[in-house]
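Structural description and commentary
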Amino acid sequence: MNKGTDLEVKDLFEIEILKNSKVLSGNEGLHRKITKVNVMEVPDILDWVTPGEFLLTTAYSFKDNLNSLIELVPMLNKKGLAGLGIKTKRYIEKIPEEIIDIANKLDFPIIEIPIEASYSEIITSVLSEIINRQTNILTRIDKFHNRLVSVMLSGGSLQGIANAIYESVENSVAISEDIFKSNVIVCDDCNRDEIEKIMLKRDNNKFNFEILNKGLNYYNSVDIIKGIEVERINIPIFIEQQHYGFIYIWQDKKMLSQVELSVIESSISIIALDLVKKLSIFEIENKHRIEFFDNLLSEDPKKYKKAVERARLFDFDVELYYTAIVIKFKNIEESIKFTPNNTNYIQKLHEKLMSIIDKVSVFKKEKTLYANKSDRIIILLGKKNINEVSKKEVLEFCQMIYSYVKKESIDSRISIGIGRTYSKISELYKSYREANRASDNSKDKNENIPIHYDDLGIYRILSYEELKPELYQFYNEILEPLVKYDNEKDSELIETLKKYFECGGNLKKISQRMYIHYNTIIYRIQRIKEIIGIDFEDHNTMLNVQICLKVYDILKDEKK
């Protein structure tokens, strides 16, 4: 017998004692699964049956009223029974055609059982087959599970797990994990190129959470391999509300049975364990890397010296010339307020960015080293010759990172700042400080990402920490009354003043830019003059106001 996971009605004909049975109705329902066997010799059987049962009867209870079956068959079907086995030739000669027609319409199997077959033999044989199948599943799962554990204990990896699955199912297999964005593939060489192309499509890795709501453990899709449609089974690696990736199985050689799917599903926890182990190792390594970065980018000579002594451990080449790049997460505290799982949200954000950095570094063939801190990622971009380092090349590197970030729809969550390149590693802290200031002070978030420190303009001066007390005083003296008025009256005088400088004092242009009537602009300018007492004809005064607007932007961002 070709044993699947479950015993179906059609499988009864392969059991020795039932091999001479006949299908009287319900050919389309022969796939119904049998979980147990029951006997009906009383008319009120409906109170004693459960879904999945195959019901045996000699028809004694309705021998004097065969028409009662007309009502009974639909009710048995509604109860979810697998089918009805009737011994004819003892109490009834045959089943009326009307009943056969009703059963056919319901795809409800009615099987004629040989009169010589005893109930005890049928029940024993069927239940033995069900138990054997369940034992077969458990044995295969246990064997496969032991093999996976052996792979893990011997220092195995996703590749070893994929090999084990491939040998078990004899079909093309791939495992995609989302933590480090890596794939492993095990298949025939003739299919490898096409499967690799399929795996490169990132939409394959987008998890459809609806399948969990439907109680499913996998879902199917179709790929074209060598011009032929091949069904792919997608099994999510999903444990404790955390999605780690997918197992993909292409049914390119044979269709998988339920037993084989059950076997594969048993490997989910072990694969997740391998990924969690990798993540734990990465977090430990990252902790030490952050400490190394903190020392390397410190102004303290002792800390810097300690970092240089450990440079080889972190693949930091002291002979290269480095540029510091900072990718900073914007308003991270505000974002996680609206996120059900804060830790998972931040982790996913970090994972995406690290994957993008790796991808761009490989494509650009750049030597990079990065550390992942809670609110930022620090990248050190190294070149062999300082003459090779150009602002344009570093910007192109960062622009490519930003283009991928935009595709992932997380561009509004970050800012990218770039420092200058210094000839001495001992001055690398300056590049890092500049990159931080650039990421903090990019004003036009859409157009100036990424932004180089040299392009900050006046913000290069205003962003010095030592100037903060003076900047606050400067702001309080000039703009604070206007900001306070805006807040109290819900007006736009600050925005109007900004547009005044952007439009070179042309009131008509301001009116067009702000979509406001010309007379309204005249009124607003007059109110600004009255509130902060400035003379628009005094160039020194207007220069102070323009600089103070820049200061206002810096202080406003710090309060967010």
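Along each chain, the written sequence defines residue order, and numbers are assigned to residues from 1. Only residues with pLDDT of at least 70 get local features here, since the model is predicted, and only at 80 or more are side-chain atom pairs given and counted; chain-wide, interface and lining totals rely on the full set of residues. Water and hydrogen atoms were dropped before computing side-chain values, which therefore reflect all heavy atoms in the structure.

1. Quick word on the pairing of strand β7 (residues 110-113)
- Burial of the side chains of β7 extends over both faces: Ile 110 and Glu 112 are buried on one face and Ile 111 and Ile 113 on the other.
- Strand direction decides the pairing type here: strand β2 (residues 22-25) and β7, joined by three bridges, are antiparallel. If you follow Lys 22 over to β7, its bridge partner there is Glu 112.
- Two strands qualify as a pair provided DSSP detects at least 2 bridges between them. Where helices and strands are cited, they refer to DSSP runs of H or I of at least four residues and of E of at least two residues respectively, numbered from the N terminus. Looking at chain direction, strand β6 (residues 83-87) and β7 are connected through four bridges and run parallel. By the bridge assignment, Ile 86 is partnered in β7 with Glu 112. Per-residue accessibility, obtained with a 1.4 Å probe over protein chains only, is compared with the maximum for each type, and a residue is labelled buried under 20%, exposed over 50%, and partly exposed between these values.

2. Quick word on the sheet that holds strand β17 (residues 451-452)
- The strand order across the open sheet formed by five strands is β14-β15-β13-β16-β17, and the pairing between neighbours is mixed. Each edge of the sheet is formed by a strand with only one pairing partner; in this case those strands are β14 (367-372) and β17.

3. Re the nonpolar core
- Ranked by size, the top nonpolar core spans 36 residues in total, and within it Tyr 475, Leu 479, Leu 482, Leu 497, Ile 528 and Phe 536 carry the most contacts.
- For this core, the secondary-structure elements that each account for two or more residues are α14 (459-462), α15 (468-478), α16 (480-489), α17 (493-502), α18 (507-514), α19 (518-532) and α20 (539-559).
- The biggest single contributor to this core is α20, with eight residues.
- Note on definitions: a residue-residue contact is assigned when non-hydrogen atoms from the two residues lie within 4.5 Å. Apart from the residues lying within four places of it in its own chain, the contact partners of Tyr 475 are Glu 480, Val 483, Cys 548, Val 551, Tyr 552 and Leu 555.
- What is meant by a nonpolar core is a set of buried Ala, Val, Leu, Ile, Met, Phe, Trp, Tyr and Cys residues, joined one to another through side-chain atoms within 4.5 Å. Core analysis: the next-biggest nonpolar cluster, separate from the first, contains 31 residues, Ile 161, Ile 233, Ile 237 and Ile 270 among them.

4. Things to note about the sheet that holds β2
- Pairing is mixed in the open sheet, where five strands are placed in the order β2-β7-β6-β5-β4. Each edge of the open sheet is held by one strand with a lone partner, namely β2 and β4 (36-39). Neighbour-to-neighbour, the strand axes of this sheet turn through a mean angle of 30 degrees, independent of strand direction.
- Across the face of the sheet, helix α3 (residues 119-153) comes into contact with β4, β5 (53-57), β6 and β7 while running at roughly 165 degrees to β4. A fitted line through C-alpha atoms serves as each axis, taken over the contacting stretch for helices, and the angle formed by two N-to-C directions is quoted from 0 to 180°.

5. Quick look at the pattern of salt bridges
- For this document, the term salt bridge refers to a Lys or Arg side-chain nitrogen within 4 Å of an Asp or Glu carboxyl oxygen. According to the stated counting rule, one finds 27 salt bridges in the structure shown.
- Note that Arg 133 and Asp 11 form a salt bridge whose closest N and O atoms lie 3.5 Å from each other. Taken together, the residues Arg 133 in helix α3 and Asp 11 in the loop between β1 (7-8) and β2 connect sequence positions 122 residues apart. Asp 11 shares its class with Arg 133; the two are buried.
- Put simply, Glu 8, Lys 10, Asp 11, Glu 129 and Arg 133 are held in one network by salt bridges that share partners.

6. What to know about the confidence of the model for the protein chain
- A residue's pLDDT is simply how confident the predictor is in it, with values from 0 to 100. Counting all residues, the mean pLDDT for the protein chain is 83, and 90% of those residues have values of 70 or more.
- Ignoring residues within four places in sequence, the model shows residues 336-341, a span with pLDDT below 50, making four contacts including any to other chains.

7. Looking at unusual backbone geometry
- Even without glycine at this site, Ala 59 takes up a positive phi of about 75 degrees.
- Mapping Ala 59 onto the fold places it in the loop between β5 and α1 (68-78).
- The exposure class assigned to Ala 59 is buried, which follows from its relative accessible area of 0%.
- With a phi close to 55 degrees, Lys 365 is a non-glycine residue in the positive phi region.

8. Things to note about the packing of aromatic side chains
- Each aromatic pair joins two rings of Phe, Tyr and Trp (for Trp, the six-membered one) with centres within 6.5 Å, and gets the label stacked for planes under 30 degrees apart, edge-to-face for over 60, and tilted for any other angle. Summed over the entire model, instances satisfying the criterion amount to 11 aromatic pairs.
- With a centroid separation of 5.9 Å and 65 degrees between ring planes, the pair formed by Phe 292 and Phe 316 is classed as edge-to-face. With Phe 292 in helix α8 (residues 268-296) and Phe 316 in the loop between α9 (301-309) and β13 (321-329), this residue pair connects regions lying 24 residues apart in the sequence. Pair check on accessibility: Phe 292 and Phe 316 agree, each one buried.
- Taking 4.5 Å as the distance between ring centres and 15 degrees as the angle between the ring planes, the aromatic pair formed by Phe 316 and Tyr 322 counts as stacked. The exposure classification of Phe 316 matches that of Tyr 322, with both residues buried.

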